Amino acid sequence: MNTPAQQESQTQPEYKMSSKNLDFYYGDFKALQDINMYFKPQEVTALIGPSGCGKSTFLRCLNRMNDLIPISRVDGKITLDGDDIYAPDVDVVMLRRKVGMVFQKPNPFPKSIFDNVAYGLWVNGIKDKTFVHERVEESLKQAAIWDEVKDRLQDTALGLSGGQQQRLCIARALAVKPEVVLMDEPASALDPIATQKIEELIHQLKETYTIIIVTHNMQQAARVSDVTAFFYIGKLIEVGDTDTIFTRPKKKQTEDYITGRFG
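Here the structure is a predicted model, which is why all the values come from computation and not from measurement.

## Quick look at the state of the cysteines
- One pass over the structure, following the stated rule, counts 0 disulfides.
- With no disulfide of its own, Cys-61 lies closest to Cys-53 among cysteine sulfurs, the gap being 13 Å.
- Given a relative accessible area of 0%, Cys-61 falls into the buried group.

As structure tokens, then:
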């Protein structure tokens, strides 16, 4: 992975998503400053940095979740397949189908396991029962939870363990066939065994999806990602191949954070 400046000189089509000169504001407060990043297909990018550094804010910019905050605004450009996702004619619902999101805490609906996964399909007007059943099964298999729930699809999702609920939420995100999957600390509320399952799942999913994950766990970033980006006080300090970032970072701030001198 090259530096942002080097990346920009390459041809755009090899990138699934990009941000260029991105600034983000909460009212008058500038939470992100001049973020330039590029995300390749079938790669996992980890966003690391101390609390409040802007990494989750940046993640939510990528599928316009920050639009829900009235005082927020974006300057600069974010593209998906070369198209500006903040253009006036963009259908935000369609954007979020293409750029799915998994949140920090599992948030299953108080519905059956089946209905949780099928929900996005129904909302998008898909009524073919055979198709819906096939997509639900395929998504649960992709999320590595099918064998655990296949005999109780009509049971409430709230009866699942925390790790199972998170994998169910991943299945729900996958059901509408996104192209990019955003994960905001998807394992931070889980025990070590459930965390390991989520990490194994990320490795499998990157064969199909572009994945961008926010994590406070540096060991997790090192295990699951191809590319790591270090954020600090709203700025992208350094981005590169994960091995390089963790063993030979170019910036002292990155080295200080990774070695535990602050953060």
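## A few points about the nonpolar core
- Core analysis: the largest hydrophobic core is formed by 46 residues, its most contacted members being Leu-140, Ile-170, Met-183, Ile-202, Leu-205 and Ile-211.
- With residues near it in sequence (within four places) discarded, Leu-205 still touches Gln-142, Ile-170, Leu-174, Met-183 and Ile-211.
- Listed in part, the 30 residues of the second largest apolar core include Ala-31, Cys-61, Ile-212 and Phe-231.

## Remarks on the sheet that holds strand E5 (residues 83–84)
- If you walk across this open sheet you meet the 4 strands as E2-E1-E4-E5, and the pairing is antiparallel. Among the strands making up the open sheet, the edge pair consists of strand E2 (29–39) and E5.
- Strand direction decides the pairing type here: strand E1 (residues 17–26) and E2, joined by 7 bridges, are antiparallel. Bridge assignment links Phe-24 to a residue of E2, and that residue is Leu-32.

## A word on the packing of helix H4 (residues 113–123) against helix H5 (residues 129–142)
- Look at H4 against H5: their axes get within 9 Å of each other, and the N-to-C directions meet at 120°. With respect to their mutual orientation, H4 and H5 come out oblique. Read as a crossing pair, H4 and H5 show a hand that is right-handed. On H5, the residues that touch Phe-114, Val-117, Ala-118, Leu-121 and Trp-122 of H4 are Phe-131, Val-132, His-133, Arg-135, Val-136, Ser-139 and Leu-140.

Conventions and cut-offs
Residues numbered from 1 in each chain as written. Predicted model: local features only at pLDDT ≥ 70, side-chain atom pairs only at ≥ 80, totals over all residues. Heavy atoms only, no water. Disulfide = S-S within 2.5 Å. Buried < 20%, exposed > 50% of the residue type's maximum accessible area, 1.4 Å probe, protein only. Core = buried A, V, L, I, M, F, W, Y, C linked by side-chain atoms within 4.5 Å. Contact = heavy atoms within 4.5 Å. Pairing = 2+ DSSP bridges. Helix = DSSP H or I, 4+ residues; strand = E, 2+ residues; numbered from the N terminus. Axes fitted to C-alpha atoms, helices over the stretch in contact; angles between N-to-C directions. Parallel < 35°, antiparallel > 145°, perpendicular 65-115°, else oblique. Left-handed = near helix turned anticlockwise from the far one by under 90°.

Function-wise, these values are silent; they only describe arrangement.
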